[in-house]
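Chains, contacts and geometry: an overview
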Amino acid sequence: MSRVLIIGAGGVGRVVTHKCAQVPEVFDAICLASRTVSKCEVIASEIKRPIEVAALDADDPAQTAALIRKFQADLVINVALPYQDLAIMDACLETGVAYVDTANYEPRDEAKFCYKWQWEYHDRFKQKGLLALLGSGFDPGVTNVFTAWLHKHEFDTIHQLDIIDCNAGDHGHAFATNFNPEINIREITQRGKYYEDGKWIETDPLSESQLWDFPEGIGPKKIYLLYHEELESLVKHFPGIRKARFWMTFGDSYLTHLKVLQNVGMTRIDPVPYKGTEIIPIEFLKALLPDPASLGATTKGKTCIGCLVEGTKDGKPKKAFLYNVCDHEECYREVNAQAISYTTGVPAMIGAMMVATGAWKGSGVFNMEQFDPDPFMEKLNIHGLPWKLTIL
């Protein structure tokens, strides 16, 4: 059994806490920490078993280390902001506990998504005999495991990988983001990038699109090419991949609002002077937009996220789509959260379970696809994210 410290009390933190509480045989003690402790208290009140809560500034490694020691944590699940990844990893190194997160580190002053900074921690974690598991959300996370499972069971070689992410839900607001607005907008306004024949090719933001017909009644949706961090690790660990891309759906209204916000400078991440002080426009915009954690009650529809893979099996060409479909309303009934939070929070719990139970072992910093996918895939079916395979 494991004592788990969960850092971050947004929509994903709510799901992680609920799901960890559902498996007391693995997580016998839970502490939920956030800068705003009242958010932790609300989540704790929703759960039948006792949950400790704590106020924490996760930018401060010393403060995080002190809480780890006070709670006597064995494992930290980081679902705070990506800016805080390295500070939390430092605290885990200082206190000798394992680390799990859902998104790569990015600097506050630059919308740059890569694993360089966290991979540089590998030797330090290895020397301490500790495991750091990176990107245990859905994408990254489950998509990495999907790729590893397909490579293990369905393909001898993978030549092309397309990760496709559709949110076909409707939250009823004119404009809102389904996870942290600051992170979401930084992600989709950066230049696109994909991998082909050993090179990274950049594109203008959201300049490439196509129609994709999604399964289970979702139907055709327009998908746009983005860069997403899991591509970096997947082409590294599966060198046979010749082409790798990431696609995401966006509605016309969302893109229109986003374009206006960009045009007036509200998506800027640099400080601007205002009435004798400095503000960062995207942080101010975040304060105006609906809290993603509040969207669960109004969101209807489904998500579909999967891996479209082309390659060979037994010397013959093969194509397959491995995916999950998740229903927003079902998620809210279970854990008071919409499906975007659910599809990130459930894999975070399962990744932590893999570490806590010893199903995944190692010393150093690892991406999801570096471990045996089978136990993780089994738990997805048990804990709310069943997957399906279609041979095309």
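1. Regarding the overall build of the protein
A count of helices and strands for the protein gives 14 helices and 18 strands. Taking 21 Å as the expected radius of gyration for a compact globule of 392 residues, we find that the protein reaches 20 Å, a close match to that expectation. Its C-alpha atoms give the protein principal-axis dimensions of about 55 × 55 × 40 Å. Looking at the protein as a whole, 57% of its 392 residues qualify as buried. Relative to all contacts within the protein whose residues are 6 or more apart in sequence, the contacts with residues 24 or more apart total 71%. Of the accessible surface of the protein, which amounts to about 16100 Å², a share of 50% is contributed by carbon and sulfur atoms. When the 40 positive and 51 negative side-chain charges of the protein are each reduced to one mean point, those points stand 1 Å apart.

2. Brief notes about the packing of helix 8 (residues 181-189) against helix 10 (residues 252-263)
Packed helix pairs are characterised by how far apart their axes lie and by the angle those axes make with each other. Direction vectors running N to C along helix 8 and helix 10 enclose 90°, while the axes themselves pass 12 Å from each other. In terms of orientation, helix 8 and helix 10 fall into the roughly perpendicular class. Judged by residue contacts, Asn 184, Ile 185, Ile 188 and Thr 189 of helix 8 engage Tyr 254, Leu 258 and Gln 262 from helix 10. Considered class by class, the residues forming the contact of helix 8 with helix 10 number 4 nonpolar, 3 polar and no charged.

3. Looking at the packing of aromatic side chains
As enumerated under the stated definition, the model contains 14 aromatic pairs in all. Judged by centre distance (5.4 Å) and plane angle (25°), the rings of Tyr 115 and Trp 119 are stacked. The class of Tyr 115 is buried, set by a relative accessible area of 1%. You can call Trp 119 partly exposed: its relative accessible area is 22%.

4. A look at the sheet that holds strand 5 (residues 98-101)
In spatial order, the strands read 3-2-1-4-5-6-17; together these 7 strands make up an open sheet with parallel pairing. Looking at which strands have only one partner, the edges of the open sheet turn out to be strand 3 (52-55) and strand 17 (364-367). Recorded for the sheet is a direction-independent mean angle of 20° between the axes of neighbouring strands. Sheet topology note: the strand 2 (residues 27-34)/strand 3 ladder contains 4 bridges and is parallel. Pairing of Cys 31 across the sheet is with Glu 52, part of strand 3. Running over the sheet, helix 4 (residues 85-95) touches strand 1 (2-7), strand 4 (75-78), strand 5, strand 6 (131-134) and strand 17 and is turned about 160° from strand 5.

5. A few points about the nonpolar core
Counting residues in hydrophobic clusters, the biggest one holds 89 residues, and the most contacted among them are Ile 6, Phe 27, Ile 77, Phe 250 and Phe 376. A total of 10 residues in this core trace back to one element, the largest contributor, which is helix 13 (residues 339-357). Non-local contacts of Phe 250, meaning those with residues more than four positions away in its chain, are made with Ile 188, Leu 206, Lys 222, Tyr 224, Leu 226 and Leu 255. Core analysis: the next-biggest nonpolar cluster, separate from the first, contains 32 residues, Leu 86, Ala 91, Trp 117 and Leu 130 among them.

6. Examining the side chain of His 228
Structurally, the position occupied by His 228 is in the loop between strand 11 (219-226) and helix 9 (230-237). In contact with His 228, other than residues within four places in its own chain, are Asp 139, Pro 140, Glu 187 and Phe 246.

7. A short note on the layout of surface pockets
Within this model, the second largest pocket holds a volume of roughly 210 Å³. What lines the second largest pocket is a set of 12 residues, among which Lys 112, Phe 113, Gln 190, Lys 193 and Tyr 227 lie closest to the centre. Classifying every residue of the lining of the second largest pocket by side-chain character gives 5 nonpolar, 2 polar and 5 charged.

8. Section: the pattern of salt bridges
Applying the stated criterion across every chain, the model contains 17 salt bridges. For the salt bridge of Asp 59 with Arg 35, the shortest nitrogen-to-oxygen distance reads 3.2 Å. In this pair, Asp 59 is assigned in the loop between strand 3 and helix 3 (61-71) and Arg 35 in the loop between strand 2 and helix 2 (37-45), connecting sequence segments 24 residues apart. Residue classification places Arg 35 among the exposed positions, given a relative accessible area of 52%. A salt bridge links Lys 388 to Glu 216, with the nearest nitrogen and oxygen atoms 2.9 Å apart. Taken together, the residues Lys 388 in strand 18 (residues 387-391) and Glu 216 in the loop between strand 10 (209-214) and strand 11 connect sequence positions 172 residues apart. For Lys 388, a relative accessible area of 43% puts it in the partly exposed group. The exposure class of Glu 216 is partly exposed, given its relative accessible area of 33%.

9. Details of the pairing of strand 7 (residues 157-167)
Most of strand 7 sits inside the fold, with 8 of its 11 residues counted as buried. Pairing geometry for strand 7 and strand 15 (residues 302-313), over 10 bridges, is antiparallel. For Ile 163, the partnering residue across the bridge sits in strand 15 and is Cys 307. Two strands pair when backbone bridges link them, and strand 7 and strand 12 (residues 243-249) are joined in this way by 6 bridges, in the parallel orientation. Among the inter-strand pairings, Gln 160 is bridged to a residue of strand 12, identified as Lys 243.

10. Considerations on the environment of Ile 183
Assignment of secondary structure puts Ile 183 in helix 8. When the C-alpha atoms of Ile 183 and Ala 66 are compared, they prove to be 28 Å apart, with 117 residues separating the residues in sequence.

11. Points about the packing of helix 8 against helix 11 (residues 281-288)
Between helix 8 and helix 11, the shortest axis-to-axis distance is 9 Å and the interhelical angle comes to 125°. As the angle between them shows, helix 8 and helix 11 are arranged oblique. In the packing of helix 8 onto helix 11, the handedness of the crossing is right-handed. Mapping the contact onto sequence places Pro 181, Glu 182, Ile 185 and Arg 186 in helix 8 and Ile 282, Glu 283, Leu 285 and Lys 286 in helix 11. Grouping the constituent residues of the contact of helix 8 with helix 11 by class yields 4 nonpolar, no polar and 4 charged.

Reading the values: rules and limits
Residues numbered from 1 in each chain as written. Predicted model: local features only at pLDDT ≥ 70, side-chain atom pairs only at ≥ 80, totals over all residues. Heavy atoms only, no water. Helix = DSSP H or I, 4+ residues; strand = E, 2+ residues; numbered from the N terminus. Rg over C-alpha atoms; globule rule 2.2 N^0.38 Å. Buried < 20%, exposed > 50% of the residue type's maximum accessible area, 1.4 Å probe, protein only. Contact = heavy atoms within 4.5 Å. Areas by Shrake-Rupley, 256 points an atom, 1.4 Å probe, with all protein chains shown as cover. Lys, Arg positive; Asp, Glu negative; His and termini not counted. Charge placed at Lys NZ, Arg CZ, Asp CG, Glu CD. Axes fitted to C-alpha atoms, helices over the stretch in contact; angles between N-to-C directions. Parallel < 35°, antiparallel > 145°, perpendicular 65-115°, else oblique. Nonpolar A, V, L, I, M, F, W, Y, C, P; charged D, E, K, R; others polar. Phe/Tyr/Trp six-rings, centres within 6.5 Å; stacked < 30°, edge-to-face > 60°. Pairing = 2+ DSSP bridges. Core = buried A, V, L, I, M, F, W, Y, C linked by side-chain atoms within 4.5 Å. 1 Å grid on protein atoms, 1.4 Å probe; cavity = no way out; pocket = protein on both sides within 12 Å on 5 of 7 lines; lining within 4 Å. Points joined across faces, edges and corners; volume = space filled by probe spheres on them. Salt bridge = Lys/Arg side-chain N within 4 Å of Asp/Glu carboxyl O. Left-handed = near helix turned anticlockwise from the far one by under 90°.

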